[in-house]
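In case you want the letters, here they are:
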Amino acid sequence: MNPIVEFCISNLGMGGYEALQKLEEDPDLDIIEYGCLDHCDLCAESLYALVNGEVVTGKTPDDLVKNIYQYIEDNPMF
C-alpha cells in the first residue's frame, strides 16, 4: 500500500499545484485531489497536504515536497 497524499483544490491554486506535479512523478505515492479538505484556516495561511490523514505544511512548493517525504520517512506505514 502506498502513502496517500491528499490536496485541497483551493490550496493547489495558491501554489500547491507545483508540489502536486512533482509528487505525481513518484509511482510509490497515491495522490488525490479534493474540492475541500476542511482546513480553510490552514489553507489560507500556507501550502499543505494530508499525508495518510496527517497535515504536512510547507512555505514553498519545494519545501512542501521535502516535508512530505520527510513525514513519510519518519512515519512508515509498516
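Residues numbered from 1 in each chain as written. Predicted model: local features only at pLDDT ≥ 70, side-chain atom pairs only at ≥ 80, totals over all residues. Heavy atoms only, no water.

An unreviewed UniProt entry annotates the protein chain as UPF0349 protein JOC94_000966 of Siminovitchia thermophila. For the protein chain, the Sequence similarities (unreviewed entry) comment in UniProt is given as "Belongs to the UPF0349 family." (UniProt positions renumbered as here; feature names shortened; annotations may be inferred.)

Draft legend 1. Spotlight on the environment of Leu23. If you trace the backbone, Leu23 turns up in helix H1 (residues 9–24). Accessibility expressed as a relative area gives 0% for Leu23, which makes it buried. It is 13 Å that separates the C-alpha atoms of Leu23 and Gln70, two residues lying 47 residues apart in sequence. Not counting the four nearest positions on each side in its chain, Leu23 is found in contact with Val5, Phe7, Leu29, Ile31, Val65, Ile68 and Tyr69. (Helix = DSSP H or I, 4+ residues; strand = E, 2+ residues; numbered from the N terminus. Buried < 20%, exposed > 50% of the residue type's maximum accessible area, 1.4 Å probe, protein only. Contact = heavy atoms within 4.5 Å.)

Draft legend 2. Structural view of the packing of H1 against helix H3 (residues 61–74). Between H1 and H3, whose axes approach to 8 Å, the crossing angle comes to 45 degrees. When the interaxial angle is binned, H1 and H3 end up oblique. Handedness of the crossing formed by H1 with H3: right-handed. Contacts between H1 and H3 involve Gly15, Glu18, Ala19, Lys22 and Leu23 from the first element and Pro61, Asp62, Leu64, Val65, Ile68 and Tyr69 from the second. (Axes fitted to C-alpha atoms, helices over the stretch in contact; angles between N-to-C directions. Parallel < 35°, antiparallel > 145°, perpendicular 65-115°, else oblique. Left-handed = near helix turned anticlockwise from the far one by under 90°.)

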